[in-house]
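The residues making up each chain are set out below.
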Amino acid sequence: MLATPQTADPATIDADLADFSLDQLQAELEKTPSGTNRDYLAGVLANRLGKIDRSIKLLHGALPNLKKNHDPHASEALNTLADDYTKLGNYASAAKAYDELFALFPNENKGGTRDDAGVLHLLASVKPMTITWHGPTRLKTSRNAIGSLVTELIVNGVTREWLLDTGANYSVVSRTFAEELHANILPGHAQTGSGLTGLENPLQIAVLPTLQVGGATVKNVVLLVLDDANLKINLGDRRYQIDAILGYPVFQAMKVVTFTHDGYFEAGESARRNEQGVPLYMRRLTPVVNLKANGVLLPFTLDTGASTTDLSVRYYERFKSADLCWKSNEDEVGGAGGNIKRQIFTQPVLRLEVGDKTTILKNVSITPQKTNAGLDELYGNIGQDLFRYFQSVTLDFANMTFKVGDPVPQPPSQ
């Protein structure tokens, strides 16, 4: 007697999507018969793997039946399609996908989709970003007053430090700096929330015709223009003004970017490394990697703009019953829009494994409640305290891999 073929379990699929368990998701896909559900699942998986054109084709095939049947997965399909078009610079089609989403699901606001839609409606007439290469990109970096990596760029004759931030969904400038650049600000206003604090920031949009980053010339660079006060970080006895942030879309256009321990930012072919990598995924416009924390493989966002690692409410719920010597504390975290004070726990020792390489982070903060920000969605946000342990850190958006170099020798414990 023939065994009954297994079919994919919808609840398992949704859980695997939430946990970026993409190997398991691929296995579930193999069980799914041809048709709408398979196209939907394959389309979402392609998006997470950076296969944008394939994702668009599959989701367009699945959506008519998902909408006809009032399937709740139509929400994720339209969110994903909007993200696909955003990454291609087809802002009008991305805005249209959001319009369809809100028509079907009037209360939808997962991950700040209404903020995203507002930005894309302002961008609807903007041409896609392009990049041309005239030589290698290898720029000296330093750390600013908040511990983030910066490099000097000359834009429209103005020299300024730009924060190198893979966690920024777009590049950002302060209003004063936008005026110095003589940037053409588009009509209309939108808003965006900080990924760590959840604070909302009113904004306008500017498009920079040309941005030179070493040997790369990037054209039609979208800039979010925020009021100066929303990019001012409180340091206690003084405040630090962020003027410019280079965000994910520019790094995506460069295909490969490397940050070296000896203080350089490399991009393009010169940034490639031969180390064994681990898979790199995307949560919309934010890079994601699965790392072992406390021996458990979990998804984290990668954020070169963050000076430290922050663990989320999902991490708290996952390990709150484990004996990890947590200590109750209070801290103040800063981001676009300002600083917030919060009750946290700290984990004295966190063992993180990147493939076959291991590092130990000390006194890592854990947020035990929702922040209504991107931090809530996965298990935490990996910052510079991990990157400093390796000779280099490479994000390869062409091959979707994350690589770290050899460990940096650490001084003996006191």
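Preceding block: the structure.
Residues numbered from 1 in each chain as written. Predicted model: local features only at pLDDT ≥ 70, side-chain atom pairs only at ≥ 80, totals over all residues. Heavy atoms only, no water.

K.L.:
What am I meant to see in the overall build of the protein chain here?
P.N.:
Looking only at helices and strands, the protein chain features eleven helices and 24 strands. A globule of 414 residues ought to have a C-alpha radius of gyration of about 22 Å, and the protein chain, at 21 Å, matches this closely. C-alpha extents for the protein chain along the principal axes are approximately 70 × 55 × 40 Å. Counting only residues that meet the buried cut, the protein chain has 53% of its 414 residues in that class. Considering only intrachain contacts with a sequence separation of at least 6, the fraction spanning at least 24 residues in the protein chain is 61%. In the protein chain, which carries 40 positive and 46 negative side-chain charges, the distance between the mean positions of the two groups comes to 2 Å. (Helix = DSSP H or I, 4+ residues; strand = E, 2+ residues; numbered from the N terminus. Rg over C-alpha atoms; globule rule 2.2 N^0.38 Å. Buried < 20%, exposed > 50% of the residue type's maximum accessible area, 1.4 Å probe, protein only. Contact = heavy atoms within 4.5 Å. Lys, Arg positive; Asp, Glu negative; His and termini not counted. Charge placed at Lys NZ, Arg CZ, Asp CG, Glu CD.)

K.L.:
It is not clear to me how the pattern of salt bridges should be interpreted in this structure. Could you clarify?
P.N.:
Where charged atoms from two side chains of opposite charge come close, those side chains can pair. By the definition in use, this model includes 16 salt bridges. Among the salt bridges present, the one from Arg273 reaches Glu266, with a minimum N-O distance of 2.9 Å. Close ionic contact of Arg283 with Glu377 constitutes a salt bridge, the shortest N to O distance being 3.4 Å. With Arg283 in strand S15 (residues 278-283) and Glu377 in the loop between strand S21 (357-366) and strand S22 (380-382), this residue pair connects regions lying 94 residues apart in the sequence. A residue is classified by how much of its surface remains accessible, and Glu377, at 23% relative accessible area, is partly exposed. Ionic contacts of the salt-bridge type, sharing partners, join the residues Arg138, Glu266 and Arg273 into one network. (Salt bridge = Lys/Arg side-chain N within 4 Å of Asp/Glu carboxyl O.)

K.L.:
Looking at this structure, how should I read the packing of aromatic side chains?
P.N.:
Between two aromatic rings, the relevant description is the distance of the centres plus the angle of the planes. The final tally for this structure, using the stated rule, is twelve aromatic pairs. Summarising the aromatic geometry, the rings of Tyr98 and Phe102 are spaced 6.1 Å apart at their centres and angled 10° between planes, so their arrangement reads as stacked. Of this pair, Tyr98 and Phe102 both sit in helix H6 (residues 91-104), four residues apart, which is roughly one turn of the helix. With a relative accessible area of 3%, Tyr98 lands in the buried category. (Phe/Tyr/Trp six-rings, centres within 6.5 Å; stacked < 30°, edge-to-face > 60°.)

K.L.:
Sorry, what's going on with the packing of helix H2 (residues 22-31) against helix H3 (residues 36-48) here?
P.N.:
To characterise two packed helices, one gives the angle between the axes of the helices and the distance between these axes. H3 packs onto H2 with a crossing angle of 155° between their chain directions and a minimal axis gap of 10 Å. Here H2 lies roughly antiparallel to H3, going by the angle between them. Handedness of the crossing formed by H2 with H3: left-handed. In this structure, H2 uses Leu22, Leu25, Gln26, Glu28, Leu29 and Glu30 to contact H3, whose residues at the interface are Arg38, Leu41, Ala42, Leu45 and Arg48. In terms of residue class, the contact of H2 with H3 is built from six nonpolar, one polar and four charged. (Axes fitted to C-alpha atoms, helices over the stretch in contact; angles between N-to-C directions. Parallel < 35°, antiparallel > 145°, perpendicular 65-115°, else oblique. Left-handed = near helix turned anticlockwise from the far one by under 90°. Nonpolar A, V, L, I, M, F, W, Y, C, P; charged D, E, K, R; others polar.)

K.L.:
Please clarify how the side chain of Thr401 should be interpreted in this entry.
P.N.:
Position of Thr401 among the secondary structure elements: in strand S24 (residues 401-404). If we ignore the near neighbours within four places in the chain, the residues touching Thr401 are Val278, Leu280, Thr394, Leu395 and Asp396.

K.L.:
Help me understand the packing of H3 against helix H5 (residues 73-88), please; the structure alone is not making it clear to me.
P.N.:
At their nearest, the axes of H3 and H5 sit 10 Å apart, and the two run at 35° to each other. Pair H3 / H5 crosses with left-handed handedness. Touching Tyr40, Gly43, Val44, Asn47 and Arg48 of H3 are His73, Glu76, Ala77, Thr80, Asp83, Asp84 and Lys87, all from H5. Tallied by class, the residues present in the contact of H3 with H5 amount to three nonpolar, four polar and five charged.

K.L.:
I tried to follow the layout of surface pockets on my own but got confused; where do I start?
P.N.:
The rolling of a water-molecule-sized probe over the atoms marks out the regions of remaining empty space. Computed from the structure, the second largest pocket encloses a volume of approximately 550 Å³. In terms of lining, the second largest pocket is formed by 29 residues, of which the most central are Lys87, Leu88, Pro249, Gln252 and Ala253. Secondary structure elements with two or more residues in the lining of the second largest pocket: helix H4 (52-68), H5, strand S1 (130-133), strand S9 (216-226) and helix H9 (248-254). Sort the elements by how many residues they give to the lining of the second largest pocket and H9 lands first, with five residues. (1 Å grid on protein atoms, 1.4 Å probe; cavity = no way out; pocket = protein on both sides within 12 Å on 5 of 7 lines; lining within 4 Å. Points joined across faces, edges and corners; volume = space filled by probe spheres on them.)

K.L.:
Hey, could you run me through H4 in this one?
P.N.:
Each α-helix winds once per 3.6 residues, and so residues spaced three or four apart point in a common direction. Taking 1.5 Å as the rise per residue, H4 with 17 residues should run 24 Å; its terminal C-alpha atoms sit 24 Å apart, in good agreement. Along its length, H4 reaches its greatest deviation from straightness, about 35°, at Ala62, and the proline Pro64 lies no more than four positions downstream. Listing the buried residues of H4 in full gives Ile52, Ser55, Ile56, Leu58, Leu59, Ala62, Leu63 and Leu66. The inward-facing, buried residues of H4 abut H3 and H5. Backbone geometry just downstream of H4 places His70 in the positive-phi region, at approximately 55°. (Expected span 1.5 Å × (residues − 1). Bend = angle between axes of the 7 residues up to and from the residue.)

K.L.:
Whenever I open this one, the side chain of Thr166 confuses me. Can you help?
P.N.:
Tracing the sequence through the fold places Thr166 in the loop between strand S4 (158-164) and strand S5 (171-174). By relative accessible area, Thr166 is classed as buried at 1%. A distance of 3.0 Å separates a polar atom in the side chain of Thr166 from the backbone oxygen of Leu302. Contacts of Thr166, omitting those with residues within four sequence positions, involve Tyr248, Phe251, Phe259, Leu285, Pro287, Leu302, Asp303, Thr304, Gly305 and Leu395. (Polar contact = N/O pair within 3.5 Å; in protein donor to acceptor, adjacent residues only side chain to side chain.)

K.L.:
It is not clear to me how H2 should be interpreted in this structure. Could you clarify?
P.N.:
All of the buried residues along H2 are Leu22, Leu25, Glu28 and Leu29. The arc enclosing the buried residues of H2, seen along the axis, measures out at 105°, which places them on a common side. For H2, exposure combined with an orientation more than 90 degrees from the buried face picks out Asp23 and Glu30. (Arc of directions from axis to C-beta.)

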